[in-house]
Structures are given as structure tokens and as C-alpha cells.
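Summary of structural features
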Amino acid sequence: MSPADFLPPNLGPGRTFALVAGVESYDISHGWNLRGPARDALRFAQWLTGPGEVPPDHVRLLLSPLGDPDALDWAASPGLAALKDTYRPATEANVKSVLLDELPKCDGDLLWIFWAGHGYLGRSRELMLPCADALPGQIRHLNLDSALRWWRTDLVTHRRFPLQAALVDACRVDAPHATRLNFGSTDYGGGATVPGRRQFRLYASREGEAAQNDSERAAGRFTEALLGELGQRSVREGVTGLAGAARSIHRSFQELRERGEGWQLPQFLVDRDWDACSFLDEDLPGVALPRAARLDQRAWDELGDLFEGRDLPRCAYEAYAWAFKVAGCTTPVRGGLPGETLLEVAQDLDERQGGRDGLPLAVPFVRFLGARAGAADTVWADRLGGWVNATRERLALPALPPPPPPPRRTALHVRLEAPPGGEDGFLARMWLRREATEHIWESEGEPVRLESVRAELVRQLACVGRALGGEAEAGRPYDAVERIEFHVPYELLELDFDLWPVPRGRGPGRTRALGQLYQVVVRCPQEREDSAAEWRTKWRWLCAQGGRHAEAVRVVADAEVTDALGMELGAGAAPACVLAHTSTAVRTGAVVEAVLEGGVPVAVWRPGGGAVPDGGLAELLAPDGRPEPGALDVLALPGRVREVRRAVAGAVAGADDNRQQAPGADRLVLLWDDPDDRLTLRSLS
């Protein structure tokens with residue numbers, strides 16, 4: 001029996017209704033904005049009202065475009081021209097009004113739901129589609145799963161809408177669980193289920209994966225493929241052929257993967273075909289999902305012995321990401337490692353799809369671990385290398401390239417201590433950290449003023465530049481040093497080191513702020529004695545997660561500043577970074593004290609507190625402007641803070657033609673205490 005046999009005999013344009021939504025602009029933050037969903041929604045509405053011949057007044061169009069709505073291509077068809085006068089913003093109120101009030105009252109056989117925009121999975125794995133009026137404290141959204149359950153009940157008149165098709169061009173990644181982002185819970189309830197109603201769901205991605213969007217063409221890849229399949233079909237032909245279209249779209253994405261243009265094979269989940277039979281892409285006839293070769297039992301037995309009692313090493317996430325790269329794949333969208341032990345990570349890799357060469361992803365993972373263990377643990381490194389060689393030979397696997405060496409960074413460290421006798425000034429020392437550590441200057445037991453420390457720092461930067469082959473231009477600090485780390489007592493953490501003027505260029509008196517030229521961070525290792533274990537645990541966990549994890553960053557606002565905050569922060573491996581959204585100097589100081597007590601190695605705050613930037617520090621610091629703290633790459637913060645400082649300086653210069661950053665202009669302090677990068681030095685006194 002063909003799918004057409006299950007269709008209502010009178011199904012046609014006059015018995016078809018639709019909700020079509022495209023959300024590009026979100027109130028929560030400009031970092032959420034997308035380019036493409038509004039155009040995708042218009043193109044789907046154009047098919048409905050064009051080849052589909054659905055009357056425009058049967059289509060409820062909800063649009064929240066980035067730019068001027070009048071700039072959209074409304075003249076592409078008469079149907080779109082008619083919809084221009086009736087579309088509404090894609091707010092939660094409008095979505096609920098259309099889907100739960102207006103459309104259920106219509107007399108139709110077929111309901112289309114098309115949605116393009118962001119998509120998140122809630123704790124119950126329900127698909128939540130944020131609306132344009134989403135705000136941090138209330139992410140207003142459409143719970144699609146709950147809405148579809150509602151549409152199966154007798155709250156929609158029994159004889160109406162026996163067929164319902166939901167087409168969603170959105171990600172299906174886990175919703176961020178930041179304290180300031182509240183998705184809440186939404187359930188529309190419903191009545192008694194009506195037998196015989198059939199729903200067809202077609203999603204652009206599998207659970208946990210992002211949907212691809214072509215921002216240059218302002219089009220979603222899924223929508224492009226879907227509209228290509230619908231072409232000039234009528235509504236009846238389009239709905240009859242949805243299962244075939246899903247197979248074709250699936251194959252097109254598989255071809256993209258085979259051409260090396262993407263490794264993930266999105267799951268186009270079809271809940272049921274119109275004949276009520278299960279239709280999952282794993283069962284598609286003639287389509288075999290690409291799978292990597294799997295490790296054999298001997299390999300697992302040996303890995304169990306190799307990994308027994310081993311904590312996640314600092315390079316664990318680098319090894320995980322490199323395994324995908326070597327196999328010609330893309331690292332999964334979700335940041336961080338998939339498990340808390342080496343064996344769990346290897347199991348995750350072994351269960352995933354591999355590259356074109358059929359390489360088990362666990363093999364390059366182990367290869368990387370062995371290379372990085374190196375001289376620090378030669379016995380374990382040799383055993384890991386032996387496992388890789390034996391497994392490759394036994395499973396006839398291709399040769400592996402050598403893993404990349406650890407990144408090299410040149411940092412200049414400045415240590416300041418208060419004189420024991422209470423004299424004015426500070427005892428100071430500087431050292432250079434490259435492959436080796438070199439002591440380069442010391443105040444020789446005599447306290448010096450900060451101005452003298454700054455002058456000596458400028459001189460040392462120039463010397464280092466000449467020594468490392470920098471261009472010899474008089475009066476200019478060189479680019480050989482990437483980062484400057486100030487080891488200071490607690491009282492100096494908010495000192496404006498990042499604003500210290502540094503000569504730059506040929507002109508007399510021409511300077512730039514230190515924080516614009518270099519990554520400038522402060523450290524306070526002497527305050528870590530009572531929390532040394534927590535400090536090391538948090539840092540190693542952060543590195544093992546590649547700097548990005550849903551729980552890595554904690555935003556602390558005024559209401560959370562209590563005497564117990566330090567103990568709370570130190571209770572587990574997470575958080576490893578704190579963003580202080582505090583309004584006063586007293587509360588900011590309390591947060592910094594709690595950070596040190598809890599062993600948190602990284603923190604960002606504004607000196608003295610004050611108003612938090614729109615969207616919070618997470619949005620300010622994330623390169624893509626995503627507001628959820630879990631999207632923040634903590635290990636990249638020194639470079640990102642420098643970019644923010646440069647951007648602030650550029651904004652000030654553009655406003656008043658002043659090439660200097662105004663004192664205190666939206667300053668940030670970055671506490672960056674790496675327990676693996678410190679020296680045990682005698683006291684300067």
C-alpha cells in the first residue's frame with residue numbers, strides 16, 4: 001500500500017494550513033543572532049503559496065529578521081506579496097496564539113510546521129525553539145514536542161488535521177545550564193489522544209549536533225536540500241513524497257561527507273511515515289552509515305591495563321580533538337570530553353563514525369597521549385607506543401602522522417613583594433619562560449617604585465626582542481613576548497598593569513597601553529597555600545576538558561556573595577573560572593577572596609565592580625558573542641581579554657580621536673593562576 005492510500009481523498013491546497021517561522025534576531029543578545037532563517041522561512045512560504053497553491057490566508061508567517069523586513073524579497077511571488085501585510089514577529093505570544101488558538105479552529109486536513117532558527121534540547125530531550133523575545137531570565141520558546149502532543153489530542157476537533165508535518169532547520173544541542181539563562185519548563189497539556197492522527201517529523205540534525213548554516217548565502221543547508229526536493233511539486237505530491245525526500249536529503253549529506261566537506265551525517269528523524277511504520281535513517285534501504293573499524297578484544301584488554309589508575313592528563317582533550325582531525329573528521333559540537341576517565345573517552349571514540357580510511361579513533365588518541373607523556377613518564381610513553389604499533393599491525397591500519405608538539409609560548413614574569421620593613425616601593429624580580437626558564441633581572445633586595453619596575457619591564461621587552469631576532473626599531477617593544485604575568489600580593493590584584501604606557505613607534509612620546517600589546521594577567525600564588533589541592537584539581541580538569549565545558553564557568557552576582565561562597569566554589573573540580581557580576585568594590589573583593597579560598601584558578605572581574613555590560617561578561621568574552629558561559633573557551637581567555645582591551649581602545653579613539661585607552665574605560669582584570677607554571681623561589685627580602 002502506498003503512502004498516497006492513507007491521504008484524505010479531498011486533501012489539497014484548500015485543506016492545507018501552515019505555521020512558518022524564521023527567527024534571526026533575539027532580544028537576549030546580538031550574539032544569538034543568525035543570518036538566514038528569515039530567508040529560509042520566506043522560501044518555504046513561497047513554495048506553499050506558489051507550486052503548492054495554498055491560499056496565503058492559510059499561512060501564518062512569523063518573522064523576526066536581522067535587518068529591515070522591507071529588504072526581504074517579498075516580490076518573489078504573489079503569495080509572498082500578500083503575506084507581507086499579514087506576517088507577525090516570532091514572539092512566544094504570537095507562536096502560542098497561532099499554534100494553540102488560531103490554527104486548531106481551522107477546518108483542514110494537513111498542517112505544516114516549518115521553523116528555522118536556534119534549537120536546544122531540554123533535560124527531557126524535548127526540542128525547545130527560542131522565540132525572538134527570549135531573555136536571559138526567561139528564554140521564551142516553543143516546546144515543539146509538547147505542542148505536537150497537544151495536536152494529537154481532542155483539543156483539535158476529531159475530524160480535522162489527520163496529517164501533521166513538522167520540518168525544523170535548527171540545532172539539537174543541549175540547552176546551556178548557566179545560572180543566568182532560564183529555559184524553565186513548558187508543557188501545553190492536552191486532552192485525550194485521537195487515534196489515527198499521524199505526524200511526520202523531519203529534523204536537520206541528530207541529538208547533540210548543530211545544523212549547518214551558510215551565513216554568506218543566508219541559507220540553512222537543510223532548507224536548501226528540502227526545497228530542492230519539493231521543487232515544483234503540489235501540496236499533495238509534496239506530502240506524499242516526504243519519505244522519499246528524506247532518503248534523498250540523507251544521501252546528499254552522505255555525499256558531502258564522502259567528499260570531505262563534513263564528517264557528521266545528520267539524522268533526519270522521521271517519527272512515522274504516513275502508513276504508521278517506523279522510518280529511521282539507520283534502516284534506510286541502500287544507505288549504509290559509514291562506520292570506523294572497531295578495536296578488537298585484545299586491544300581493549302591491553303588498554304584497560306594501560307589506563308588503570310591513570311587520571312585524565314592535561315593533554316586529554318587535545319588528544320581527543322586530534323583523533324578526529326587525523327581521521328578526517330570534525331570534532332563534535334559539544335565541548336569537553338565525553339567521560340571522566342581515559343577508558344570512557346576511548347569507548348566514546350570507538351563508538352563514533354570514523355574517517356574515510358576506517359581508522360578506529362581510539363588509536364590516534366592513544367598515539368597522542370604517548371607522544372605527550374614523553375620524558376615526563378618514559379615507561380608509560382613506551383607502553384602506549386607499543387600498543388599503537390601492535391594494534392596497527394594486527395588490524396592493518398594506516399600509518400599515523402606524528403602529533404603536534406606542545407604549543408610554545410614566550411612569557412615574561414614579574415614578581416612583586418612588599419618589603420618586610422614596610423618601606424615604600426616593592427621588591428621585584430623578572431624571569432623569562434620559554435622552553436627553559438631564565439632569570440633576567442632583580443631589584444637586589446632594594447625596594448623600587450612601580451615606575452622603575454615599568455621602565456625596567458620596557459627595557460627587558462626590547463632586549464628580549466633583539467635576542468630572539470625581533471626587528472630592531474629604536475624605542476619599540478618587540479613582538480617576541482606573547483604574555484606578561486604579574487605575580488603580586490592580594491592588595492595589587494586590581495592595579496592597572498594593563499594600562500601601563502609602553503613606547504610604540506618612532507614618534508616621541510608615542511605609547512600604547514601594555515594590555516593592548518600583550519596578554520596581561522595577574523597571579524596570586526602565595527594566597528593558594530590553603531587551597532593547593534583544589535587549585536591543582538580544577539586546573540587539570542579544565543585542561544583535560546580543552547578549556548570548554550558546560551560547568552567550567554560560574555557567573556557570580558551580588559545575591560550569591562556569601563560567607564560560604566569560597567567553600568561552595570571549592571567543592572568539586574568545577575567551576576574552574578568565575579565571572580564576577582558584582583556592583584560594588586566590597587562585593588567584588590569578597591568574590592576574589594572566595595575564588596582564592598576555593599582554589600579557582602581563573603577569574604574575570606571589573607575593578608571596583610560596577611554595571612555589567614549588556615549580555616554579561618560571557619558575551620563580552622566569547623569570540624562569537626554567545627552569552628552562555630559554557631560556550632566560553634577558558635584557556636583562550638588571555639588572548640580574548642587582549643582583544644577586548646584593543647576593541648575598547650579602538651572605540652575610545654573613534655569617539656574622540658584619542659589614540660590612548662581612557663583610564664578605567666571598561667577595564668577587566670584577568671586572574672590567571674596556572675599551578676603547573678610557577679617557580680619555587682627564595683623570598684626577595
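About the cut-offs
- Residues numbered from 1 in each chain as written.
- Predicted model: local features only at pLDDT ≥ 70, side-chain atom pairs only at ≥ 80, totals over all residues.
- Heavy atoms only, no water.
- Helix = DSSP H or I, 4+ residues; strand = E, 2+ residues; numbered from the N terminus.
- Buried < 20%, exposed > 50% of the residue type's maximum accessible area, 1.4 Å probe, protein only.
- Contact = heavy atoms within 4.5 Å.
- Areas by Shrake-Rupley, 256 points an atom, 1.4 Å probe, with all protein chains shown as cover.
- Patch = residues over 30% accessible without salt bridge, like charges linked within 9 Å, V, L, I, M, F, W, Y side chains within 5 Å.
- Salt bridge = Lys/Arg side-chain N within 4 Å of Asp/Glu carboxyl O.
- Lys, Arg positive; Asp, Glu negative; His and termini not counted.
- Charge placed at Lys NZ, Arg CZ, Asp CG, Glu CD.
- Polar contact = N/O pair within 3.5 Å; in protein donor to acceptor, adjacent residues only side chain to side chain.
- Pairing = 2+ DSSP bridges.
- Axes fitted to C-alpha atoms, helices over the stretch in contact; angles between N-to-C directions.
- pLDDT = per-residue confidence, 0-100.
- Parallel < 35°, antiparallel > 145°, perpendicular 65-115°, else oblique.
- Left-handed = near helix turned anticlockwise from the far one by under 90°.
- Phe/Tyr/Trp six-rings, centres within 6.5 Å; stacked < 30°, edge-to-face > 60°.
- Nonpolar A, V, L, I, M, F, W, Y, C, P; charged D, E, K, R; others polar.
- Disulfide = S-S within 2.5 Å.

**Thoughts on the overall build of the chain**
The number of helices and strands found in the chain is 19 helices and 22 strands. Per-residue burial for the chain yields a buried fraction of 54% across its 685 residues. Once local pairs closer than 6 in sequence are excluded, the contacts in the chain between residues at least 24 apart make up 75%. Split by element, the accessible area of the chain, about 29,000 Å² in all, is 47% carbon and sulfur.

**Thoughts on a negative patch on the surface**
On the surface, a cluster of negative charge is contributed by Glu-491, Glu-527, Glu-529, Asp-530, Glu-593 and Glu-597. When you line up the elements, Glu-593 lands in helix H17 (residues 585-597).

**Concerning helix H4 (residues 144-151)**
With seven of eight residues buried, H4 is to be regarded as a mostly interior element. Turning to H4, its buried residues number three or more, namely Leu-144, Asp-145, Ser-146, Ala-147, Leu-148, Trp-150 and Trp-151. Those residues of H4 that are buried lie in contact with helix H3 (92-102), strand S3 (110-116), strand S5 (127-130), strand S6 (141-143), strand S7 (163-169) and strand S9 (198-203). If you check the start of H4, you find a side-chain oxygen 3.3 Å away from the backbone N of Asp-145, and it comes from Asn-143.

**Examining the sheet that holds S7**
The strand order across the open sheet built from five strands is S2-S1-S3-S7-S9, with neighbouring strands paired in parallel fashion. At either end of the open sheet lies a strand with only one pairing partner, and these are strand S2 (59-64) and S9. When strand polarity is set aside, the average angle formed by the axes of neighbouring strands in this sheet is 5°. Note that S3 and S7 share seven bridges and pair parallel. Bridge pairing in S7 links Leu-110 to Leu-163. Together, strand S1 (16-23), S2, S3 and S7 form the strand contacts of helix H1 (residues 37-49), whose direction differs from that of S1 by roughly 165°. H4 contacts S3, S7 and S9 of the sheet and is inclined by roughly 160° relative to S9.

**A look at the confidence of the model for the chain**
Averaged over every residue, the pLDDT of the chain is 83; residues scoring 70 or more account for 82%. Contacts from residues 470-478, a stretch scored under 50 in pLDDT, to residues over four places away or in other chains number 26 contacts.

**Digging into H3**
Glu-92, Asn-94, Val-95, Val-98 and Leu-99 are the residues of H3 that are buried. Contacts made by the buried residues of H3 are with S1, S2, S3, S6 and H4.

**Examining the packing of helix H9 (residues 316-326) against helix H11 (residues 362-373)**
Axis separation between H9 and H11 bottoms out at 8 Å; the angle between their running directions is 135°. If you check the angle between H9 and H11, you find them oblique. Crossing hand, H9 versus H11: right-handed. On H11, the residues touching Ala-316, Glu-318, Ala-319, Tyr-320, Trp-322, Ala-323 and Val-326 of H9 are Pro-364, Phe-365, Arg-367, Phe-368, Leu-369 and Arg-372.

**Details of the pattern of salt bridges**
If you walk through the whole model with that rule in mind, you get 35 salt bridges. In this structure, the salt-bridge partner of Arg-298 is Glu-302, at a minimum N-O distance of 3.1 Å. Pair noted here: Arg-298 and Glu-302 are both in helix H8 (residues 297-307), with a separation of four residues, about one helical turn. In this structure Glu-302 comes out as partly exposed when scored by relative accessible area, which is 26%. Among the salt bridges present, the one from Arg-587 reaches Asp-558, with a minimum N-O distance of 4.0 Å. Here Arg-587 is found in helix H17, whereas its partner Asp-558 is found in the loop between strand S19 (553-557) and helix H16 (565-569), with 29 residues between them in sequence. Among the residues examined, Arg-587 registers a relative accessible area of 36% and is labelled partly exposed. Since its relative accessible area comes to 23%, Asp-558 is described here as partly exposed. One network of salt bridges, in which partners are shared, links Arg-483, Glu-485, Arg-523, Arg-528 and Asp-673.

**Some details on the packing of aromatic side chains**
Enumeration according to the criterion identifies 18 aromatic pairs in this entry. On the numbers, 6.1 Å between centres and 65° between planes, the contact of Trp-150 with Trp-151 is edge-to-face. Its relative accessible area of 8% is what places Trp-150 among the buried residues. Their ring planes at 50° and their centres at 5.7 Å tell us that Trp-322 and Phe-368 sit as a pair that is tilted. One end of the pair, Trp-322, is in helix H9; the other, Phe-368, is in helix H11, with 46 residues separating them in the sequence. Residue classification places Trp-322 among the buried positions, given a relative accessible area of 8%. Take Phe-368: its relative accessible area is 1%, and that puts it in the buried class.

**As for the sheet that holds S6**
If you walk across this open sheet you meet the four strands as S6-S5-S4-S8, and the pairing is mixed. Among the strands making up the open sheet, the edge pair consists of S6 and strand S8 (173-174). Relative to S8, strand S4 (residues 120-121) runs parallel, the two sharing two bridges. When the bridges of S8 are listed, Tyr-120 appears paired with Val-173. Sheet strands touched by H4: S5 and S6. Its angle to S6, the strand with the most contacts, is close to 50°.

**Let's talk about unusual backbone geometry**
With omega at 0°, the peptide bond leading from Ala-574 into Pro-575 counts as cis. A positive phi angle is found at Phe-161, which is not glycine, with a value near 50°. Along the chain, Phe-161 falls in the loop between H4 and S7.

**Let's talk about the packing of H8 against helix H12 (residues 378-395)**
Relative orientation of the contacting elements H8 and H12 amounts to 175°, with a least axis distance of 11 Å. For the element pair H8 / H12, the angle class is roughly antiparallel. Side by side, H8 and H12 meet where Arg-298, Ala-299, Glu-302, Leu-303, Asp-305, Leu-306 and Phe-307 of the first sit next to Trp-380, Arg-383, Leu-384, Trp-387, Thr-391 and Arg-394 of the second. Its residues assigned to classes, the contact of H8 with H12 comprises seven nonpolar, one polar and five charged.

**Structural notes on the pairing of S3**
In terms of burial, S3 is a largely internal element, seven of the seven residues being buried. Side chains Leu-110, Trp-112, Phe-114 and Ala-116 of S3 all project onto a buried face; the interleaved residues Leu-111, Ile-113 and Trp-115 project onto the opposite face, where all are buried too. Two strands pair when backbone bridges link them, and S1 and S3 are joined in this way by seven bridges, in the parallel orientation. The partner of Ala-21 across the bridge, within S3, is Trp-115.

**Concerning the state of the cysteines**
Disulfides are covalent bonds that link the sulfur atoms of two cysteine residues. Applying the stated criterion across every chain, the model contains zero disulfides. Unpaired in terms of disulfides, Cys-543 finds its nearest cysteine sulfur in Cys-315, a separation of 9.9 Å. Of the residues examined, Cys-543 reaches a relative accessible area of 6% and is grouped as buried.

**Brief notes about the pairing of S5**
Of the two faces of S5, the one holding Leu-127 and Leu-129 and the one holding Met-128 and Pro-130 are both buried throughout. As judged from the two bridges shared by S4 and S5, these two strands associate in the antiparallel manner. Bridged to Tyr-120 within S5 is Met-128. Counting the residues between successive antiparallel strands, the hairpin from S4 to S5 contains five residues, one of them, Arg-125, with a positive phi of roughly 65°.

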